[in-house]
Amino acid sequence: MNIMMLDNYSAKIEYDPELDQFRGEILGLNGGADFYGRSPQELRKEFKKSLKVYLEVCKEKEIPPTKNFSGKFNLRVSKLSITLRVVHDPYRSVNIFQITPLGSQFIHIYA
């Protein structure tokens, strides 16, 4: 996967063999915006056009163009990891641990 930047926006670039073109998808938007091109120059030109249209529609409909991020980071862990943490310190909530596996050891950082 390649990334193309324009202003403060980034787009994921992939090759579409069925169309024999490159496809870009602008990341982090509230909606979807994509574009196509056969060369990097054409792709950048279409990126600008697609972003301009998307931002105009957002302004017209009074929609924020980008997603709001909560700052939360969700992590899925196995039941074994939770069991190991609780057994290690049964009086602490599982939510206050951050685990980094180091072989068979765990490091925990208290909030």
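Notes on the structure in this doc start here. Bear in mind the structure is a predicted one, so any value in this text is a computation, not a measurement.

### Quick look at unusual backbone geometry
Even without a glycine there, the phi angle at Asp7 is positive, about 55°. Classification of Asp7 as exposed rests on a relative accessible area of 66%. Residue Glu62 is not a glycine yet carries a positive backbone phi of 55°.

### With respect to the nonpolar core
Generally speaking, a soluble globular protein has its nonpolar side chains buried in company with each other. Of all hydrophobic cores here, the largest spans 14 residues; its most connected members are Ile26, Phe35 and Phe47. Listing elements by their share of this core, those giving two or more residues are strand 1 (2-6), strand 2 (9-16) and helix 1 (40-61). By residue number, the principal contributor to this core is helix 1, which donates five residues. Once residues within four sequence positions are removed from consideration, Ile26 is found in contact with Tyr9, Ser10, Ala11, Ala33, Phe35, Phe47, Ser50 and Leu51.

### Describing the sheet that holds strand 4 (residues 34-37)
Pairing within the open sheet is antiparallel, and its four strands lie in the order 1-2-3-4. Two strands lie at the open edges of the sheet, namely strand 1 and strand 4, each paired on one side alone. Across the sheet, the axes of successive neighbouring strands diverge by a mean angle of 30°, strand direction being ignored. Note that strand 1 and strand 2 share five bridges and pair antiparallel. Its bridge partner being in strand 2, Leu6 is matched across the sheet by Tyr9.

### Details of the pairing of strand 2
Hairpin remark: strand 1 followed by strand 2, antiparallel, with two residues in the connecting loop; positive phi at Asp7, about 55°. Pairing analysis gives six bridges linking strand 2 to strand 3 (residues 21-26), with the strands arranged antiparallel. What sits directly across from Asp16, in strand 3, is Gln21. Linking two consecutive strands that pair antiparallel, namely strand 2 and strand 3, is a turn of four residues; a positive phi of about 55° is found at Asp20 within it.

### Considering the packing of aromatic side chains
Using the criterion set out here, one finds two aromatic pairs in the structure. Here Tyr15 and Phe22 contribute two aromatic rings whose centre-to-centre distance is 5.5 Å and whose plane-to-plane angle is 65°, an arrangement assigned as edge-to-face. Here Phe35 and Phe47 contribute two aromatic rings whose centre-to-centre distance is 4.8 Å and whose plane-to-plane angle is 10°, an arrangement assigned as stacked. One end of the pair, Phe35, is in strand 4; the other, Phe47, is in helix 1, and twelve residues separate them in sequence. Neither Phe35 nor Phe47 differs from the other in exposure class; each is buried.

### Considering the environment of Lys12
Relative to the helices and strands, Lys12 is located in strand 2. Distance from Lys12 to Asp34, taken between C-alpha atoms, is 9.3 Å for residues 22 residues apart in sequence. Apart from the residues lying within four places of it in its own chain, the contact partners of Lys12 are Met1, Asn2, Ile3, Arg23, Gly24, Glu25 and Leu27.

About the cut-offs
- Residues numbered from 1 in each chain as written.
- Predicted model: local features only at pLDDT ≥ 70, side-chain atom pairs only at ≥ 80, totals over all residues.
- Heavy atoms only, no water.
- Buried < 20%, exposed > 50% of the residue type's maximum accessible area, 1.4 Å probe, protein only.
- Core = buried A, V, L, I, M, F, W, Y, C linked by side-chain atoms within 4.5 Å.
- Helix = DSSP H or I, 4+ residues; strand = E, 2+ residues; numbered from the N terminus.
- Contact = heavy atoms within 4.5 Å.
- Pairing = 2+ DSSP bridges.
- Axes fitted to C-alpha atoms, helices over the stretch in contact; angles between N-to-C directions.
- Phe/Tyr/Trp six-rings, centres within 6.5 Å; stacked < 30°, edge-to-face > 60°.

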